[in-house]
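One-letter residues, chain by chain:
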There are 2 protein chains.
Amino acid sequence: MKRIDIKALFSAPPADGTTVTVCGWAKTVRDSKNIGFIELSDGTCFKNLQIVFEAGKLENYKDVAKAGVGTSMQVVGRVVLTPGAKQPLEINADSVELLDVCPSDYPLQKKRHSVEFLRTMPHLRPRTNTFAAAFRVRSTAAYAIHKFFQENGFVYVHTPLITGSDCEGAGEMFRVTTLDLNNLPRTEDGKVDFSQDFFGRSTNLTVSGQLEGEAMALAFGKIYTFGPTFRAENSNTPRHAAEFWMIEPEMAFADLTDYMDNAEAMVKYVIGYVLEHCPDEMAFFNQFFDKGLLERLNALVNAEFARVSYTDAVELLKEHNDQFQYKVEWGVDLQTEHERYLTEQIFKKPVFVTDYPKEIKSFYMRQNEDGKTVAAADMLVPGVGELIGGSQREERYDLLKARMEELGMDCTDYTWYMDLRRFGSAKHAGYGLGFERLIMYLTGIPNIRDVLPFPRTAGGF
Amino acid sequence: MKRIDIKALFSAPPADGTTVTVCGWAKTVRDSKNIGFIELSDGTCFKNLQIVFEAGKLENYKDVAKAGVGTSMQVVGRVVLTPGAKQPLEINADSVELLDVCPSDYPLQKKRHSVEFLRTMPHLRPRTNTFAAAFRVRSTAAYAIHKFFQENGFVYVHTPLITGSDCEGAGEMFRVTTLDLNNLPRTEDGKVDFSQDFFGRSTNLTVSGQLEGEAMALAFGKIYTFGPTFRAENSNTPRHAAEFWMIEPEMAFADLTDYMDNAEAMVKYVIGYVLEHCPDEMAFFNQFFDKGLLERLNALVNAEFARVSYTDAVELLKEHNDQFQYKVEWGVDLQTEHERYLTEQIFKKPVFVTDYPKEIKSFYMRQNEDGKTVAAADMLVPGVGELIGGSQREERYDLLKARMEELGMDCTDYTWYMDLRRFGSAKHAGYGLGFERLIMYLTGIPNIRDVLPFPRTAGGF
């Protein structure tokens, strides 16, 4: 008989007495002399299925009763509807076939384990409640992101991971090479000869797909990327990973307001989708990680995000400089303490801060008329600070070139990028969302290592 | 007035006479003395919107008439419904604002360009019909894949890109490092000291997420990956890229038949979805790339795929050995010529070939009772050959260990993978689909460089 997913059993319970086959792993096994109970998981949903097994019916009752946590099994039994109980049904077993009895050195015994301990076993930790919930939320949120952009006419773009070295931030990049490090080819002047490397040049792992995304947006109108991104920063913190996933939407004929409208709608959609589709997981996080989680997320979904200029935000924050480690004044980059104060204390809801000083922002951001600021905006949310950063891009060739030269950049490295400003240039805007930061925000999990299935962070893996 | 996407105009035409604002790029501009026509694209759909502009209405008539291909513009005008014409409507312009006049050195002039020429400008080629269609099909197919798996209860998993070096196929991997190649740290015996590298070890880019996917499937029951994969093979062919995207689903409590059922349903779903959602793009490919494309894809969606054992397939093929460059006999790996003959000539539809000799397949595949073959299956499709490869995995610890030792592998590199066979092992099966190969199959585009937005292939980029 074909087995049925536990998720399907719960979401559309068969009639009382129906015989079904389920497979899964024992989360707990309890027994008395003649009757026993198994909490069975097959991974398809957060809740376990209760299996009742009886000595009078099972020849292998004793073997089942002493099967350890983690044992895989196939159960054939009858559905017993349990109206009023926590679960809508349980199974009364006619047979329990032990597929693989889990030995006693299985690390995931019933007691609670620290996340630090579980990090040492990324291949097993998704079997625990915390990580099962985290990675299902991750999957659901990823799908919600695709759904939002596809339904709004955005084209999904795969920007390249292996890119040519450029000078900007090269110190924070991973090199990609097939050269034999024990026998490096050299040029006449003794330098490493990268013309003999795989691509005939020096290459590294991308830190952003934005520039390529702009090229695609100026063809498709609206695009988004969703792919891995790399930073070789030696930052051993709970918020930094060397390999993480980014979403980078880009819209042509769009300005800063269009970006903010889209980003606000996207975040609300994704959070709403996860709340709707992962109620058990989210209840778990609300109970065990952050008692205010659901309240905060529901408030966000229903709030109209505030918008304030950097200049006005600085004025508002300066009044509270006595409460900050780093004092605020016009021109400084906002720290997390300031961002959180703005969104949590002053606005009490998500807020976009707009029009930052150009000195603290990137070369490609559109210069405002005031000559001092650029059309950039960061989305700040309670509990986290910056969730999204974005900007209108400088679409005017001459201004872009002047800014790049001012910053000492070599324009010849960016010929193709500047071409986009020569051939049918159009105003455009976009933003970047760090996917792991979103999942941390959604779950209340404080360490990025615990929202990545196989984290790659400074200090090894 | 808020601008409207051309896609929205076509899919839900406003009433005749409605005033609308559209932005986009001129694909062609034609004019006579007093009236002109612009084919306008904003990238949101394959079809262009016809703009009619008249000297009597536009002060800048002459400027518009001589605006070059690629010029960006904003048009305000009235909808003129055109029942019976190729497009449902056109716009009669009240104003045409030229945003950025495209200069005459714009490489994408009206004449037809070779794909080889267009490959030299990946930032501009998505503006051409071929690449606009290819990359929109790519986006739509990617979404269909997510939709299929999510709606069937699969959890989307991000497996790591940076992995520890293992011995298998190390020659085909890209090294990832932050060591200074001009000043490499050495161990006492003069070798490169990778303990000083970023992760404290030697690392490379992944060639497959399958092993990690298995760990996740044994927690969630059903998972899929969809991410970048790398091969440093120096193969300068139309079918090989150094960086490409793979889908690797994995199912617990599943055998070879379950994999084949799922893969068949998935491929039919994705192709059906693209046919439904990209009719203009698919008609374009059918007309310009492969006249039999739509017929072949429609046949596939409606066919029941055949299944034949490798042993039987070899018997069938041997009868036609006179037609093959490489002769077939039991034990050889099937070449594309054999695969295509099977699916095109013998079965005349897609076919799974099952139970290959273990010598030509991977260590992790489940050994059959006959001692000679493994529970592997490849999906072959007309016009291409192998589209998908998959297998039931060896879930028996002792047999897996024996096979690895037989192959001279170091089991200590795979402790975590073998753990999956110690702690609640369960039969499981999965497969791999090269995303670019699917897109080539869907579009008829013969070169992988033309289905990747920014291809990374041997020979540079």
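Residues numbered from 1 in each chain as written. Chains lettered and ligands numbered in written order. Predicted model: local features only at pLDDT ≥ 70, side-chain atom pairs only at ≥ 80, totals over all residues. Heavy atoms only, no water.

Per an unreviewed UniProt entry, the recorded name for chain A is Asparagine--tRNA ligase, and the organism is Allofournierella massiliensis. According to the UniProt record, the Catalytic activity (unreviewed entry) comment for chain A is "tRNA(Asn) + L-asparagine + ATP = L-asparaginyl-tRNA(Asn) + AMP + diphosphate + H(+)". UniProt, in its Subunit (unreviewed entry) section for chain A, records the words "Homodimer." (UniProt positions renumbered as here; feature names shortened; annotations may be inferred.)

### So, the overall build of chain A
Secondary structure assignment for chain A yields 13 helices and 16 strands. Judged by the C-alpha coordinates and their principal axes, chain A covers about 85 × 60 × 45 Å. Expressed as a percentage of the 461 residues in chain A, the buried residues total 58%. In the structure as shown, chain A presents an accessible area of about 18200 Å², 47% of it carried by carbon and sulfur atoms. With 51 positive and 64 negative side-chain charges, chain A shows a spacing of 6 Å between the two charge centroids. (Helix = DSSP H or I, 4+ residues; strand = E, 2+ residues; numbered from the N terminus. Buried < 20%, exposed > 50% of the residue type's maximum accessible area, 1.4 Å probe, protein only. Areas by Shrake-Rupley, 256 points an atom, 1.4 Å probe, with all protein chains shown as cover. Lys, Arg positive; Asp, Glu negative; His and termini not counted. Charge placed at Lys NZ, Arg CZ, Asp CG, Glu CD.)

### Description of the packing of aromatic side chains
With the rule as written, the count across this model stands at 65 aromatic pairs over all chains. Arranged with centres 5.2 Å apart and planes meeting at 70°, the rings of Phe461 of chain A and Phe199 of chain B form a pair that is edge-to-face. Taken together, the residues span two chains, with Phe461 of chain A in the segment after α13 (435-443) and Phe199 of chain B in the loop between β8 (175-177) and β9 (203-205). A residue is classified by how much of its surface remains accessible, and Phe461 of chain A, at 32% relative accessible area, is partly exposed. On the basis of an interplanar angle of 20° and a centroid distance of 4.8 Å, the ring pair of Phe149 of chain B and Tyr224 of chain B is categorised as stacked. Here Tyr224 of chain B lies in strand β10 (residues 222-230) and Phe149 of chain B lies in helix α4 (residues 129-151), a separation of 75 residues in the sequence. Each member of the pair, Phe149 of chain B as well as Tyr224 of chain B, is classed as buried. A cation over a ring is seen here: Arg421 of chain A above Tyr417 of chain A, with NZ or CZ 4.1 Å from the ring centre. The residue whose ring lies beneath Lys372 of chain B is Trp330 of chain B, and the NZ or CZ to ring-centre distance is 5.1 Å. (Phe/Tyr/Trp six-rings, centres within 6.5 Å; stacked < 30°, edge-to-face > 60°. Lys NZ or Arg CZ within 6 Å of the ring centre and 35° of its normal.)

### Regarding the sheet that holds strand β3 (residues 49-54) of chain A
All names here are of chain A. The 5 strands lie next to each other as β1-β2-β3-β5-β4, forming a closed barrel whose pairing is mixed. Each neighbouring strand pair of the sheet contributes to a mean axis angle of 55°, computed without reference to strand direction. Pairing between strand β1 (residues 19-31) and strand β4 (residues 72-81): 7 bridges, direction antiparallel. Its bridge partner lying in β4, Thr21 is registered against Val76. (Pairing = 2+ DSSP bridges. Axes fitted to C-alpha atoms, helices over the stretch in contact; angles between N-to-C directions.)

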